[in-house]
Amino acid sequence: MNDETLLNERVQVITVFGLGAHQPCQPVKFRRANGREIKISELGLRHPRPTGSKTIHVFDVTDGGADYRLEFDSHRLTWHLTMEADHYGAA
Amino acid sequence: MEQLNNERPMVMHIDLNSCFATVEQQARPMLRGRPVAIVNRRTEKTAIVTASYEAKKYGVAVGMKLRDAQVLVPDIIALESDPAKYKYVYRKLLNIMNDYSAHVVMKSIDEGVIDFRQADPNVRSRQLEDIGMEIKQRLRDEVGIWMKCNIGIGANRFLAKTAAGLNKPDGLDVIDSTNLRQTFDKLRLTNLTGIAEQYQRRLNKAGICTPLEFLDAPEEILELVVFKGIAGKQWHQRLRGWEVDDYKSEVQRVGRQYVLEDFNLSRQEIVQRLHHLCESVGSRMRAQQKSTRGVYVYARTLDGEYWHASHLSELPFFSDQAIFEFATHLFSKAPDRIKEIGIHCYKLQNIEDSQLSIFQDEIARERAVTSTIDTINSRFGERTVHSADTLGTGIYVNTKVPFGSTLYL
């Protein structure tokens, strides 16, 4: 029924800025703690999640095989992988 | 009988249908084309808040229990609602709409109205269908390619909304005086916004069984027989394209409800959840600069009983503690076997209008403490400071999708 795995994994992310007015910041690749590199094929949605006066920027992305949620803490300048959903049963 | 409004239709209704499911499919490309249900809690007993079109095709409907939906669609994907995501899309849509007119009203988190009658002449001179297509494209460009919206154009809000419902999920339709009758001919009474089963029964009793018969019904019949009041006259005008729904509504009450996560909770555990609701309601109310004089609590039982009690105070109050004290006192008489609880504050008034009390020092102190807590929560995040009593309730009673009012978005 749902295959989300919730995580709190610090990741390294390569990001491109300035791609356009509607997409000012786009992560293109990230490396997980186990060394695995994931190339992002599509940014589904970026949205801010205000936490008090601090803002976390949430990036929902996919590599074409699984969906991932990356969160950028604009206060600490850190990236975390917080969700992975790698299959959804039969199509 | 009043004539049809044959002016150029200048009201546009925009509706992000299956909004939350569509936004999730936009965010998570692997979900696109799959049956998705959005729920507030991922349990089998939970009710579906929104279903994707792929799920609706199999009969999954809003309000249906997830376990029933799983019978219809065994591989349905249930996702917990993510209000921050939907609020972001709401603001994007609002920004787009504001580019065309200063007269934009969001009716809820997923629908809004643009009134072009007082828009800039450059905008007014354009075809509204073209503007509608442009808005659809901007939504795809500025939010994402999976986003779809229904757009309806009409002479008043009612006809614009009706038009927006004609061709889901990505329609753009116009209802004007030339096609009003043909359009109504294809609809049922309950397709009309504001006509649910109860009004349908009343209309049927008066011999009105179709929207066309409703349109042709004399004003006196609607006013005296069906609606028994001014609402009949308003319906008579509304159906003909005259505007009767352009008014601002004041906040009358602030409330929250909660379906218990477990029906075997002790009374103390239920009261803790009520306390959480009181804190949530108090915070929302103060964010609107309001205090309250009334507290209303209710409970629904597993046997279908609806119990309620209320208290109206002489003087207004605003702190979570005061709301909770009244609420617990009332709740002590609530029945057993509770399934759902709710509270709302009514008789709201502006905080600065509150009448002075002889206990002014006490009130000033309470106000200072409450205001400090609100400031801390606003700076460091919701519920950074809250009652120790509600320490364990956060994971259950967290604020979910805000329906109806857009005040808290």
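The shown structure was predicted, so the numbers you read here are calculated from the model rather than taken from an experiment.

## Considering the confidence of the model for chain B
Where the model shows low pLDDT, its predicted coordinates should not be examined in detail.
Part 1: Scored by pLDDT, chain B comes out at a mean of 90, with 95% of its residues at no less than 70.
Part 2: Both confidence scores are given for the complex: pTM 0.84, ipTM 0.92.

## A closer look at the environment of A:Val61
Part 1: Position of A:Val61 among the secondary structure elements: in strand S6 (residues 54-62).
Part 2: Residues A:Val61 and A:Gln23 lie 38 residues apart in sequence; the distance between their C-alpha atoms is 13 Å.
Part 3: Setting aside chain neighbours within four positions, we find A:Val61 in contact with A:Pro27, A:Phe30, A:Ile40, A:Glu42, A:Leu43, A:Gly44, A:Ala66, A:Asp67, A:Tyr68, A:Leu70 and B:Ala27.

## Here we look at the side chain of A:His47
Part 1: Inspection of the secondary structure assignment puts A:His47 in strand S5 (residues 42-51).
Part 2: Using a relative accessible area of 1% as the deciding quantity, one classes A:His47 as buried.

## Observations concerning the nonpolar core
The nonpolar side chains of a soluble globular protein tend to be buried, and buried together.
Residue and element names in this part refer to chain B.
Part 1: Membership of the largest hydrophobic core comes to 40 residues, with the highest contact counts inside it found for Met-12, Ile-14, Phe-116 and Ile-135.
Part 2: For this core, the elements supplying multiple residues, two or more each, are strand S1 (11-15), helix H1 (19-27), strand S2 (36-39), strand S4 (77-80), helix H4 (83-98), strand S5 (104-108), helix H6 (128-142) and strand S7 (150-154).
Part 3: Sorting elements by how many residues they give to this core places H4 first, with 7 residues.
Part 4: Not counting the four nearest positions on each side in its chain, Ile-135 is found in contact with Met-12, Ile-14, Ile-96, Tyr-100, Ile-114 and Ile-151.
Part 5: The next biggest cluster of nonpolar side chains, apart from the first, holds 32 residues, and it includes Leu-260, Leu-330, Ile-338 and Val-397.

## What to know about the interface of chain A and chain B
For an interface, size is often stated in terms of accessible area lost upon the parts coming together.
Part 1: Counting residues at the interface gives 29 residues for chain A and 30 residues for chain B.
Part 2: Along the contact surface separating chain A from chain B lie 4 salt bridges.
Part 3: Between A:Glu42 and B:Arg32 there is a salt bridge, with the nearest N and O atoms lying 3.0 Å from each other.
Part 4: At the level of elements, S5, S6, strand S7 (67-73) and strand S8 (78-85) of chain A are the ones that each hand at least two residues to the side of chain A that touches chain B.
Part 5: No other element matches the 8 residues that S5(A) contributes to the side of chain A that touches chain B.

## Description of the sheet that holds strand S3 (residues 25-31) of chain A
All names here are of chain A.
Part 1: With antiparallel pairing, the 3 strands of this open sheet are ordered in space as S2-S3-S4. On the outer flanks of this sheet lie strand S2 (12-17) and strand S4 (37-39), each paired with one strand and no other. Direction aside, neighbouring strands of the sheet carry axes that sit 30 degrees apart on average.
Part 2: In this structure, S3 lies alongside S4, joined through 3 bridges in antiparallel fashion.

## Re the packing of aromatic side chains
Residue and element names in this part refer to chain B.
Part 1: Going through the model one piece at a time under the given rule, you end up with 12 aromatic pairs over all chains.
Part 2: With a centroid separation of 5.4 Å and an interplanar angle of 85 degrees, the aromatic rings of Phe-158 and Trp-235 are classed as edge-to-face. Pair noted here: Phe-158 is in helix H7 (residues 157-164) and Trp-235 is in helix H12 (residues 230-239), with a separation of 77 residues, a long-range link. Pair check on accessibility: Phe-158 and Trp-235 agree, each one buried.
Part 3: With a centroid separation of 5.3 Å and an interplanar angle of 40 degrees, the aromatic rings of Phe-214 and Trp-235 are classed as tilted. With Phe-214 in helix H10 (residues 211-216) and Trp-235 in helix H12, this residue pair connects regions lying 21 residues apart in the sequence. Across the pair, exposure class does not vary: Phe-214 and Trp-235 are buried alike.
Part 4: Here the aromatic residues Phe-158, Tyr-199, Phe-214, Phe-227 and Trp-235 are joined through ring pairs into a cluster of three or more.
Part 5: Cation over ring: Lys-148 sits above Trp-146, and NZ or CZ is 4.1 Å from the ring centre.

Parameters at a glance
Residues numbered from 1 in each chain as written. Chains lettered and ligands numbered in written order. Predicted model: local features only at pLDDT ≥ 70, side-chain atom pairs only at ≥ 80, totals over all residues. Heavy atoms only, no water. pLDDT = per-residue confidence, 0-100. Helix = DSSP H or I, 4+ residues; strand = E, 2+ residues; numbered from the N terminus. Contact = heavy atoms within 4.5 Å. Buried < 20%, exposed > 50% of the residue type's maximum accessible area, 1.4 Å probe, protein only. Core = buried A, V, L, I, M, F, W, Y, C linked by side-chain atoms within 4.5 Å. Salt bridge = Lys/Arg side-chain N within 4 Å of Asp/Glu carboxyl O. Pairing = 2+ DSSP bridges. Axes fitted to C-alpha atoms, helices over the stretch in contact; angles between N-to-C directions. Phe/Tyr/Trp six-rings, centres within 6.5 Å; stacked < 30°, edge-to-face > 60°. Lys NZ or Arg CZ within 6 Å of the ring centre and 35° of its normal.

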